[in-house]
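Spelled out, the chains give:
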Amino acid sequence: MSHCVRWWGFRWRGLRWCVVLLCAALVGCASTTTPDVMGSGSLETRQIQTREYDTLDRRMTLRSVVATLQDLGFTIDTADLALGTITARRLYQHKQYENYLMRMTVTVREREGDRVAVRVNARLDDQAITDPKTYQDFFVALDKAMFLTLHKVD
Amino acid sequence: MRFPQGLASPARGISVILLIGLASGCASIPEEAYRLPPSSLSAREAQTRTFDVADESEILQATVALLQDMEYNLDTIEPPLGILSASKVVDADSTRQKAGLIAADVAAVILSVLSGSSPGDSAYDTADDEFRLKITLVVLPSLAREGEHTARITLQQTLIDKAARVKKMGVIDDPVVYQEIFEKLSKALFLEGAEQ
């Protein structure tokens, strides 16, 4: 379309933007008939959820992860030292009327060169969290717990 | 952000709203949900106690016995990590409230018999809320004091009414509650030690 056409007081080109964004919004929120079995995990999400440490060994890192979860008010659902996995939940009330069930799965794995990788998956109610800020906040809390463990503070 | 030329202002307004909606996703996360609260260190202190006990399993065994005394059910236990979780459901109404409700029901039944009418809904049945409690205890060798162990407790509560509506939920942050549990644990450890 070489020139703009007026329609209901909007210019056609402007309306076209609205329609595109509206469709995108609807696609994002709509439930489909086939369940999302595979999830939408991408390499980028995995990077956001993972951090590597070279300060403590796997066992002490797991100890710091548990301490972090407790610092954040979580209770532990399952824990396995052999697999290095911990799942936890927190009941969270925001402004006295919003109730949330926060769930976390944390895995701690050994990497090459005495490094340890911590990967975190967070869910809020039934939705996976992909917001990088959430994971940054968790790792800030974990950094503090790792520091306390490293300096032998109970 | 610069919009393409030809985007009229009403359309621009709608587009901006839609873009904000898309950027924030379908669910919003409370900003402070995963952030350490400023009181985290004092909370950690209130939730932690060091015991002059060299054997980790001794504390775990005493804790299991204590939780059984406190009518909790064990949900998970992972001794190599010193982790133990348990839960229970308790009535939120006090015994006194319950006695009052039972008395009200008895009075209603007597009145209905005397007047020949049918009694209404039971006050006892409609009034009770319940607390769902979940406790996690982590027992680990003390980092600061060799040969001793630290125990840390996290306690969560949910208050649910009869219609399954959540009235209150979150971490119990009253230090007195943790103090009472630790005092009981100290006694349980003492008793375990005395029995051996």
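Residues numbered from 1 in each chain as written. Chains lettered and ligands numbered in written order. Predicted model: local features only at pLDDT ≥ 70, side-chain atom pairs only at ≥ 80, totals over all residues.

Chemist: In this structure, what is going on with the overall build of chain B? I would like to understand it.
Modeler: Of the regular secondary structure elements, chain B holds six helices and six strands. Listed by position from the N terminus, the elements making up chain B come as α-α-β-α-β-β-α-α-β-β-β-α. Within the span of chain B, comprising 196 residues, buried residues form 18% of the whole. Considering only contacts in chain B between residues 6 or more positions apart, those separated by 24 or more positions represent 57%. (Helix = DSSP H or I, 4+ residues; strand = E, 2+ residues; numbered from the N terminus. Buried ≥ 20, exposed ≤ 12 C-beta atoms within 10 Å, placed from the backbone. Contact = placed C-beta atoms within 7 Å.)

Chemist: Help me understand the packing of helix α3 (residues 58–71) of chain A against helix α4 (residues 132–150) of chain A, please; the structure alone is not making it clear to me.
Modeler: For any two helices packed against each other, one specifies the crossing angle of their axes together with the interaxial distance. Residue and element names in this part refer to chain A. Remark: α3 packs on α4, axes separated minimally by 8 Å, with the N-to-C direction vectors making an angle of 125°. On the basis of the axis angle, α3 is oblique to α4. Considering the relative orientation of α3 and α4, their crossing is right-handed. Of the residues in α4, those in contact with M60, R63, S64, V65, A67, T68 and D71 of α3 are A141, L142, A145, M146 and T149. For the contact of α3 with α4, the per-class residue count stands at seven nonpolar, three polar and two charged. (Axes fitted to C-alpha atoms, helices over the stretch in contact; angles between N-to-C directions. Parallel < 35°, antiparallel > 145°, perpendicular 65-115°, else oblique. Left-handed = near helix turned anticlockwise from the far one by under 90°. Nonpolar A, V, L, I, M, F, W, Y, C, P; charged D, E, K, R; others polar.)

Chemist: What is the right way to look at unusual backbone geometry in this model?
Modeler: With glycine set apart, most residues show a phi of negative sign, and most peptide bonds adopt trans. With a phi close to 55°, D114 of chain A is a non-glycine residue in the positive phi region. By the element assignment, D114 of chain A lies in the loop between β6 (98–111) and β7 (115–124). For A164 of chain B, which is not glycine, the phi torsion reads 60° and is therefore positive. The topology assignment puts A164 of chain B in the loop between β5 (149–160) and β6 (166–171).

Chemist: Sorry, what's going on with the pairing of strand β3 (residues 83–91) of chain B here?
Modeler: Regular strands place their side chains on alternate faces of the sheet. Residues and elements named next belong to chain B. In this structure, strand β2 (residues 73–78) lies alongside β3, joined through five bridges in antiparallel fashion. Directly across from L74, in β3, lies its bridge partner A86. Where β2 folds back onto β3 in an antiparallel hairpin, the turn is made up of four residues, including G82, whose phi is positive at roughly 70°. (Pairing = 2+ DSSP bridges.)

Chemist: Is there a simple way to think about helix α3 (residues 56–69) of chain B in this case?
Modeler: Residue pairs spaced three or four apart in an α-helix point in one direction, given the helix's 3.6 residues per turn. All names here are of chain B. With 14 residues, α3 extends 20 Å from end C-alpha to end C-alpha; this agrees with the ideal 20 Å at 1.5 Å per step. Turning to α3, its buried residues are I59, A62, T63, L66 and L67. The buried residues of α3 all sit within an arc of 135° when viewed along its axis, so they share a single face. Of the exposed residues in α3, those oriented more than 90 degrees away from the buried face are S57 and Q68. Directly beyond the C-terminal end of α3, a positive phi value near 65° is found at E71. (Expected span 1.5 Å × (residues − 1). Arc of directions from axis to C-beta.)

Chemist: When you look at the nonpolar core in this model, what are you seeing that I'm missing?
Modeler: A general tendency of soluble globular proteins is for nonpolar side chains to be buried together. Counting residues in each nonpolar core, the largest one holds 52 residues, and the members touching the most others are V65, V66, L69, I86, M104, V118 and L142 of chain A. Setting aside residues no more than four positions away along its own chain, V65 of chain A makes contact with I86, V106, V108, V118 and L142 of chain A. (Core = buried A, V, L, I, M, F, W, Y, C linked by C-beta atoms within 7 Å.)

Chemist: What is the right way to read α4 of chain A from this model?
Modeler: All names here are of chain A. Taking 1.5 Å of rise per residue, the 19 residues of α4 would be expected to cover 27 Å, and the 26 Å separating its terminal C-alpha atoms lies within 8% of that figure. Within α4, the full set of buried residues consists of T134, Y135, D137, F138, F139, A141, L142, A145 and M146. Its buried side turned inward, α4 meets α2 (43–49), β3 (50–53), α3 and β7.

Chemist: Looking at this structure, I do not really get the pairing of β6 of chain A. What am I missing?
Modeler: Residues and elements named next belong to chain A. Here strand β5 (residues 85–94) runs beside β6; their pairing, made up of ten bridges, is antiparallel. Residue pairing in the sheet places T85 in a bridge with T107 of β6. With antiparallel pairing between neighbouring strands as the criterion, β5 and β6 make up a hairpin whose turn holds three residues, including K95 at a positive phi of roughly 55°. Examined bridge by bridge, β6 and β7 share ten bridges and lie antiparallel to one another. Paired with R109 across the two strands is A117, which belongs to β7. Between the antiparallel neighbours β6 and β7 lie three residues, among them G113 with a positive phi of about 70°.

Chemist: How should the environment of K95 of chain A be read in this particular structure?
Modeler: With respect to the helices and strands, K95 of chain A occurs in the loop between β5 and β6. Measuring from C-alpha to C-alpha, the distance between K95 of chain A and L72 of chain A comes to 17 Å, with 23 residues separating the pair along the chain.

Chemist: Help me understand the confidence of the model for chain B in this model?
Modeler: Low-pLDDT portions of the prediction should not be read for the details of their coordinates. All names here are of chain B. Chain-level pLDDT for chain B is 80 on average; 73% of the residues reach the 70-or-more range. Confidence, expressed as mean pLDDT per element, reaches its minimum in chain B at helix α1 (residues 9–24) with 50 and its maximum at β2 with 95. Across residues 1–8 the pLDDT falls below 50, and counting only partners more than four positions away or on other chains, this stretch makes twelve contacts in the model. Confidence over residues 20–26 falls short of pLDDT 50; this stretch has seven contacts with residues more than four positions distant or in other chains. Prediction confidence for the complex, expressed as pTM and ipTM, is 0.73 and 0.71 respectively. (pLDDT = per-residue confidence, 0-100.)

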